[in-house]
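Descriptive structure summary
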Amino acid sequence: MSGSLWLKPPTAGETPLPAIPRPRRERAPAHPDEAPPPTDTTGPPAPGIPAGPPAGAAHPASAVGSPARTAPPPAGGGLADDPLDELARRLDGFVAVAVHPDEIAAILESDGMTDEHIRLTYGRADSFSLAEDLYARVERRHPEPSAPPSGAWHSELAGCLLRGLVFALPGLAYVLAAPLLAAQHGRFGLPAGTVPLLAGAVTGWVWNQALSHRAYTWLGLGDRAAAARALLTGAPAGALAGTAVALATAAPGELPAAVFAAGQSLYLAAATVLLVLGRERALLGALLPLTGAVPALRWDLPDVLRAGLLLASLAASVALAALVLRPGARRGAAGRGGPPRAASLPYGLFGLGSGVLVLHAGVADTLVTGAGAVIALTLSMGPAEWLLHRFRYGALARLRTLTTAREFRRAVTGTLVLCLGGYLTVLLALTLAATLAWPGAPLPTLPRLVTLLLIGTVLWLGLLLQAFGAVLSAATVCLLAAAAQTVHPAAGPLTAGGAAAVLAALTCALLVRPTAHRA
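Below is a short write-up of the structure. (Residues numbered from 1 in each chain as written. Predicted model: local features only at pLDDT ≥ 70, side-chain atom pairs only at ≥ 80, totals over all residues. Heavy atoms only, no water.)

Overview of the overall build of the protein chain
Test applied: Helix numbers and strand numbers start at the N terminus; a helix is a DSSP run of H or I with at least 4 residues, a strand a run of E with at least 2. Burial classes follow relative accessibility: with a 1.4 Å probe on protein chains only, a residue under 20% of its type's maximum area counts as buried, one over 50% as exposed, and anything between as partly exposed. Every residue pair with non-hydrogen atoms within 4.5 Å of one another is taken to be in contact. Under the convention used here, a 1.4 Å probe and the Shrake-Rupley method define accessible areas, while residue burial counts only the protein chains that appear.
For the protein chain, the helix and strand inventory stands at 21 helices and zero strands. Counting across all 519 residues of the protein chain, residues that qualify as buried make up 38%. Counting only contacts in the protein chain whose residues sit at least 6 apart along the sequence, the fraction spanning at least 24 positions is 80%. Counting every atom, the protein chain has about 28200 Å² of accessible surface; 64% of that belongs to carbon and sulfur.

Laid out in structure tokens, this is it:
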């Protein structure tokens, strides 16, 4: 320990232990009525000598027929009747909130109180005995858990919706680039150029999910420069990895798609930097050129204009990312050794599993219907993030007001069902809106809607478990579901339903416990 927790440092002329005046030997009076000679009591007391009655004073137990004559208490604040009273007053704040006497004993020992000091001063055998007496003497006054900020999840709604818009706007780039990526032959029953695009996108999702976790860990440690340093080294590496995978998976005639995938990887790296460092508005401004794809839905635009809008948005994103990464380029910004890199691996695996599930939602049906499903899932990530905050604050509010574990379990289960139901309602509304907004798009069939809602359930519950630290379980379930749906695409509803059921069981087992919500 670095020092005393509560004792004041002794000043000049004070001693750490109480001082008891040394009794002087006096001449016994020759006559009962003879008063003892005056004594000098102004000298300094001698510590460590047991107290005794002044000479000539009768002890109360031996007084016969006359009241005891006792000396007045020493001037200047002598000992209380029980020195434990003074100690209890001094430690009142610590003792009142203790849940066990051992906590008080730890405070006493950390403050340097030895057993010998406790025996001499307080008459108790050791620190544990003294702690038990203090615990019994002071009334419990446990503080209530701090209330969540009033309306905090209301104030975060705008930010979450902004992030959802930022997640969805890059989809307009595919509308602008569609005529530029046209080729004659595709593979696996997919349009030409789809394989390198998907391969590059999945690689970027995996890499940037893990990179985001590492950067957020630095931010949680209060080292923004180190977070920028991690992004400065990791984001370009992720862009190179996505480009390499896209080029490696491109078939003859798919070079335009591979080039577009390289730009896509570069954008994902820049967007990760801006989102992690809280620059959503700047990213939204960089994506504004992509809104030129809206008229492209009905009218044909020149190829030069399409390419110019794409390059303008990409250049703006990269320039803004480079601007906010300047603190990471400063000398000595690397900070401490940092969190282990292996801790970010489960987050990358979760990105892989969830990304593959989203891609299956986009390519398992006609291209138009699949695009509408992907747009709906992407836009729903904003409300999903807000509902995660809503669940968090609702659980904290129940933690403050409820007194039994059973009541808390029931209340949190209800909050969970309410938030999940709200997310699925938003996802369904976005799917129908995207279908109606897309010219000539057919309405999704009932099995298609059920599969989409099950995938949304998997994504939201996985994000919830990830937020509470159970990312490895969520990643494992998502990876197994993605692998099963890749091997047997026709088993999409069954695979997504099984994954949703497993994640729901894990969520109920973990998050209904009060300890899961304590900071």
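The structure having been displayed, the exposition proceeds.
So, the side chain of Thr272
Inspection of the secondary structure assignment puts Thr272 in helix H11 (residues 255-276). Of the residues examined, Thr272 reaches a relative accessible area of 8% and is grouped as buried. Setting aside anything within four residues of it in sequence, one finds Thr272 in contact with Asn208 and Ser212.

What to know about the packing of aromatic side chains
Short version of the rule: Between rings of Phe, Tyr and Trp, where Trp is taken as its six-membered ring, a pair exists when centres lie within 6.5 Å; planes separated by under 30 degrees are stacked, by over 60 edge-to-face, and by other angles tilted.
Evaluation of the coordinates by the stated rule reveals one aromatic pair. With centroids separated by 6.2 Å and ring planes inclined at 75 degrees, the aromatic side chains of Phe391 and Phe468 adopt a geometry described as edge-to-face. Of this pair, Phe391 sits in helix H17 (residues 381-401) while Phe468 is found in the loop between helix H19 (446-467) and helix H20 (471-487), placing the two residues 77 residues apart along the sequence.

A short note on the pattern of salt bridges
The condition is simple: A carboxyl oxygen of Asp or Glu within 4 Å of a side-chain nitrogen of Lys or Arg is what we treat as a salt bridge.
Evaluated as defined, the whole model comprises two salt bridges. With a closest N to O distance of 2.3 Å, Arg137 and Asp85 form a salt bridge. With Arg137 in helix H5 (residues 127-137) and Asp85 in helix H1 (residues 83-90), this pair connects stretches of sequence that are 52 residues apart. Looking at Asp85, the relative accessible area reads 28%, which means it is partly exposed. Between Arg124 and Asp133 there is a salt bridge, and its shortest N-O distance comes to 2.6 Å.

Some thoughts on helix H18 (residues 405-437)
The following threshold applies: To estimate how far a helix should reach, multiply one less than its number of residues by 1.5 Å.
Given a rise of 1.5 Å per residue, 33 residues ought to cover 48 Å, and the 48 Å separating the end C-alpha atoms of H18 matches this to within 8%. Among all positions of H18, only Phe408, Ala411, Val412, Thr415, Leu416, Cys419, Leu420, Tyr423, Leu427, Thr431, Ala434 and Thr435 are buried.

Thoughts on the nonpolar core
Soluble globular proteins tend to pack their nonpolar side chains together in the buried interior. Short version of the rule: We define a nonpolar core as any set of buried Ala, Val, Leu, Ile, Met, Phe, Trp, Tyr and Cys residues linked to one another through side-chain atoms lying within 4.5 Å.
Within the largest apolar cluster, 46 residues are counted, with the highest numbers of intra-cluster contacts made by Leu377, Phe391, Tyr423, Ile455, Val458, Trp460 and Leu464. Ranked by residue count, the leading element in this core is H19, at eight residues. Apart from the residues within four sequence positions on either side, Val458 is in contact with Leu357, Cys478, Ala496, Ala499, Ala500 and Leu503. Within the second largest apolar cluster, 45 residues are counted, among which are Leu176, Ala239, Ala261 and Ala296.

Let's talk about the side chain of Thr457
The cut-off we apply is this: Polar contacts, as used here, are pairs of N or O atoms within 3.5 Å; protein pairs need one atom able to donate a hydrogen and one able to accept it. Residues neighboring in sequence count only if both atoms are side-chain atoms.
Here Thr457 shows up in helix H19. For Thr457, the side chain forms a polar contact with the main-chain oxygen of Leu453, separated by 2.9 Å. Setting aside its immediate chain neighbours within four residues, Thr457 contacts Leu420, Leu424 and Ala500.

Let's talk about the packing of H17 against H18
The cut-off we apply is this: In this description, a line fitted to the C-alpha atoms serves as the axis of each element, helices being fitted only across the stretch in contact, and the angle between N-to-C directions of two axes falls anywhere from 0 to 180 degrees. In what follows, roughly perpendicular refers to angles from 65 to 115 degrees, roughly parallel to angles under 35, roughly antiparallel to angles over 145, and oblique to any angle outside these ranges. By the definition used in this description, the sense in which the near helix is turned from the far one sets the handedness, with an anticlockwise turn below a right angle giving left-handed and a clockwise turn giving right-handed. Each residue is assigned to one class: nonpolar for Ala, Val, Leu, Ile, Met, Phe, Trp, Tyr, Cys and Pro, charged for Asp, Glu, Lys and Arg, and polar for all the others, Gly among them.
Closest axis-to-axis distance for the H17/H18 pair is 10 Å, and the angle between their directions is 165 degrees. Viewed along their axes, H17 and H18 adopt a mutual orientation that is roughly antiparallel. In this structure, H17 meets H18 at a crossing whose hand is right-handed. Two secondary-structure elements touch here, H17 through Met381, Pro383, Ala384, Leu387, Arg390, Phe391, Ala395, Arg398 and Leu399 and H18 through Phe408, Ala411, Val412, Thr415, Leu416, Cys419, Gly422, Tyr423 and Val426. Looking at the contact of H17 with H18 residue by residue, the classes come out as 14 nonpolar, two polar and two charged.

Remarks on a nonpolar patch on the surface
Applicable threshold: For patch building, the residue pool is restricted to those with more than 30% relative accessible area and no salt bridge; the joining distance is 9 Å between like charges and 5 Å between nonpolar side chains (Val, Leu, Ile, Met, Phe, Trp, Tyr).
A cluster of nonpolar side chains, Leu428, Leu432, Leu436 and Leu443, forms an exposed patch at the surface whose accessible area comes to about 390 Å². When its relative accessible area of 68% is taken as the criterion, Leu436 is described as exposed.

Topic: the environment of His213
By the secondary structure assignment, His213 is in helix H9 (residues 194-220). For His213, a relative accessible area of 17% puts it in the buried group. Between the C-alpha atom of His213 and that of Val276, which follows or precedes it by 63 residues, the distance is 9.0 Å.

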